[in-house]
Amino acid sequence: MHIEVRAYKQGEEGERVYNVLMQANEKSIAIIGGGASGLCAAIAAAERCRADGVAVRVVIYEKDDRVGRSILATGNGRCNFSNAQLNIDEFHHAEFVQQALDSLPESPDGLDAVHGLFHRLGLVWREEQDGRQYPLANKASAVLDVLRARIEALGVEVETDSELAAVEPPREDFPRYTLRMRSGVIKRADAVVVACGGRTVSALQVGDLKRTPPRPTLGPIAVSEKDALLTRELDNIRVRVSVSLCRKHGSAEGATEEMLATEKGELLFRKYGVSGICVFNLSRLAQQGDVLRVNFLDFLEEDAEAYLVQRRSLLTGEYGEGLTYMDMLRGLLLPRVAEAVLKASFINPYNRFKPADAPRLASLLTGCPLEVEGIADATLCQVRRGGFRVADLDPRSLQSRTLHGLHVAGEAVDVDGPCGGYNLHWAWSSGMIAGDAAARSLMGSRR
Ligand SMILES: Cc1cc2nc3c(=O)[nH]c(=O)nc-3n(C[C@H](O)[C@H](O)[C@H](O)COP(=O)(O)OP(=O)(O)OC[C@H]3O[C@@H](n4cnc5c(N)ncnc54)[C@H](O)[C@@H]3O)c2cc1C
């Protein structure tokens, strides 16, 4: 069998020693998936083997015809690769994530492990709103380039067009993992990192490990047919608002609403409902029947009703007592938005606006209701919630609690975060943890 040697030691002597070692003890670590977590897992595994002077093949099996395509699509092609103000509590299964991240060593320059890795690989980045970090070059390819250069320098082998169908655990009579490709080819490995992402996690059989069925999240929300009349009218219009996700409790007459979360930002009306980062974040919690309440007056510090009464006094000075609803909203909302929102609440936009109308208008403008139907389009969702259950994994190694040498990373784990670099931060970190631990599991050493 041909073994590509680039990682162990430079020079002929290094290669000779490496080959002898490989023949005597040809151990390998298989990384399933060459996306964000898989590339970091491969780097961590190969670096651990190199640091400990152990010759182990690290092989990425990638179903696509290249590695890292998923990274290129992130952040609208700019890759929001991490966040300077990461709040771990925002992750689904936050306690598990905290334990996992705590197990990563700080880099020598005092950076956390993710930033330490990218810093030493030469990536320069900058920060935007809310701590979001992007490569200085403003292209996702800058992030992928440094990762690819590192796997190449480490001699990580890459097998593209290689889709795994199943991973079979070692048996008493055969102490290695068996990797069954969709093509029928069989490969072997001594340790495995499952880094196949969230989309295909259900299709990959891994021993009898259980998975929570993945469901798409961080995506646009479809609203009920009745409320889609409004969003259709405003298709493609963006507004800066805050949006609250509310859940109804109780019967129709005595129903109360519990506010689950509020997000501020740009909301995009679509034919089917609403989109935009604030909506994506709320989609993590939204269920059919919940209500999105759009607050167009989010900038106000005072009470909305008092503001409208005051505004009316101001504007009657200009337009006289015959002031209409549309006069009231001119200069505050786009005319199309004002008209559609009023009509959706059965208010004639050209009726006279009286002081007594202030409470109703205030409540409409601070909580315009849109009933949630569900996720609008799964293909537009950024992540999948679900995957390998955290209870079945050790957070410090991301190793299965029942299968020694089997690790899981990235979105294949039942962990997800909001927009803003959270999901990639988890992918890089968990990849590093799993790759390093997979290498250690082969050496029989523990941290
Ligand atoms: C449009 C879009 C934009 C996004 N933007 C951001 C952002 O800016 N910031 C952020 O933090 N997150 C973002 N995300 C989320 C982020 O991309 C993912 O959370 C992250 O890539 C997950 O990393 P992963 O390694 O688990 O999976 P992936 O990066 O999806 O990689 C999985 C890899 O495994 C391969 N694979 C799958 N199944 C198999 C198999 N059976 N055999 C072999 N190979 C297989 C896939 O081809 C793929 O290359 C975005 C997601 C999308 C869809």
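Note that the structure is predicted; figures quoted are calculated from it, not measured.

Rules used throughout
- Residues numbered from 1 in each chain as written.
- Predicted model: local features only at pLDDT ≥ 70, side-chain atom pairs only at ≥ 80, totals over all residues.
- Heavy atoms only, no water.
- Phe/Tyr/Trp six-rings, centres within 6.5 Å; stacked < 30°, edge-to-face > 60°.
- Helix = DSSP H or I, 4+ residues; strand = E, 2+ residues; numbered from the N terminus.
- Buried < 20%, exposed > 50% of the residue type's maximum accessible area, 1.4 Å probe, protein only.
- Expected span 1.5 Å × (residues − 1).
- Pairing = 2+ DSSP bridges.
- Core = buried A, V, L, I, M, F, W, Y, C linked by side-chain atoms within 4.5 Å.
- Contact = heavy atoms within 4.5 Å.
- Domains from an automatic or database assignment.
- Buried area = accessible area lost by both parts, 1.4 Å probe.
- Polar contact = N/O pair within 3.5 Å; in protein donor to acceptor, adjacent residues only side chain to side chain.
- Nonpolar A, V, L, I, M, F, W, Y, C, P; charged D, E, K, R; others polar.
- Near = heavy atom within 4 Å.
- Areas by Shrake-Rupley, 256 points an atom, 1.4 Å probe, with all protein chains shown as cover.

On to the packing of aromatic side chains. Considering all chains together, one arrives at seven aromatic pairs under this definition. Between Phe 91 and Tyr 422 the ring centres are 5.3 Å apart and the planes differ by 55°, which places this aromatic pair in the tilted class. One end of the pair, Phe 91, is in the loop between β3 (82–83) and α4 (94–102); the other, Tyr 422, is in helix α13 (residues 422–443), and 331 residues separate them in sequence. A single burial state applies to Phe 91 and to Tyr 422, both of which are buried. Ring centres of Phe 299 and Tyr 307 lie 6.1 Å apart, and the angle between their planes is 85°; this geometry places the pair in the edge-to-face category. Among the aromatic residues, those joined into a cluster by ring pairs are Phe 81, Phe 118, Trp 125 and Trp 428.

Quick look at helix α6 (residues 140–153) now. Between its first and last C-alpha, α6 extends 21 Å over 14 residues, near the 20 Å set by a 1.5 Å rise per residue. Positive phi shows up at Gly 155, right after α6, with a value of about 75°.

Once that is clear, we can look at the pairing of strand β7 (residues 164–168). Most of β7 is tucked away, with four of its five residues classed as buried. As defined by bridge partners, β7 adjoins strand β8 (residues 177–181) across four bridges and the pair is classed as antiparallel. Residue pairing across strands places Glu 168 opposite Thr 178, the latter belonging to β8. Note: β7 against strand β11 (residues 205–206), two bridges, orientation parallel. Among the inter-strand pairings, Val 167 is bridged to a residue of β11, identified as Val 206.

Here the focus is the nonpolar core. Residues Ile 29, Leu 147, Val 192, Val 194, Leu 406 and Trp 428 are the most contacted members of the largest nonpolar core, which totals 83 residues. The residues touching Val 192, leaving out its near neighbours within four places in the chain, are Ala 30, Ile 32, Val 167, Tyr 177, Leu 179, Gly 405, Leu 406 and His 407. Listed in part, the 48 residues of the second largest apolar core include Val 241, Leu 245, Tyr 325 and Val 337.

In this section: the domain arrangement of the protein chain. Partitioning the protein chain into domains gives domain 1 (11–217 + 383–443) and domain 2 (221–375). Each partner contributes to the interface: domain 1 provides 12 residues, whereas domain 2 provides six residues. Counting each side, the surface lost to burial between domain 1 and domain 2 is near 720 Å², with a carbon and sulfur contribution of 42%. For the pair domain 1 and domain 2, the interface holds five residue pairs in polar contact (both at pLDDT 80 or more). At three residues, the largest contribution of residues to the side of domain 1 that touches domain 2 is made by strand β12 (residues 211–217). Looking at the side of domain 1 that touches domain 2, its residues break down into four nonpolar, three polar and five charged.

Take the site of the ligand next. Around the ligand, the surrounding shell holds 32 residues, and the nearest of these are Ser 37, Glu 62, Ser 70, Thr 200 and Leu 424. Backbone polar atom of Ala 36 to an oxygen atom of the ligand: 3.3 Å apart, as the coordinates give it. Between a nitrogen atom of the ligand and a main-chain N or O atom of Leu 164, the distance comes to 3.0 Å. Protein contact buries 87% of the 990 Å² of open area that the ligand shows by itself. Listed by contribution, the elements that provide at least two residues to the shell around the ligand are α2 (36–51) and α13. For the shell around the ligand, the leading source of residues is α13, giving four residues. Of the residues in the shell around the ligand, the class split is 12 nonpolar, 15 polar and five charged.

Here we take up unusual backbone geometry. Positive phi, close to 65°, is recorded for His 93, a residue that is not glycine. On the basis of relative accessibility, which here comes to 30%, the residue His 93 falls in the partly exposed class. We note that Asp 130 has phi near 55°; this positive angle belongs to a residue other than glycine. Mapped onto the secondary structure, Asp 130 falls in the loop between β4 (125–127) and β5 (132–135). Looking at Asp 130, the relative accessible area reads 48%, which means it is partly exposed.

The strands making up a sheet associate through backbone hydrogen bonding, with each pair oriented either parallel or antiparallel. With mixed pairing, the four strands of this open sheet are ordered in space as β9-β8-β7-β11. The two strands at the open ends of the sheet, each matched to only one other strand, are β9 (186–189) and β11.

Quick look at the side chain of His 425 now. Its location among the elements puts His 425 in helix α13. Here His 425 falls in the buried class, since its relative accessible area comes to 5%. A polar contact is formed between the side chain of His 425 and the side chain of Ser 82, at a distance of 2.8 Å. Residues within four places of His 425 in sequence aside, it is in contact with Phe 81, Ser 82, Leu 86, Leu 101, Asp 112, Val 114 and His 115.

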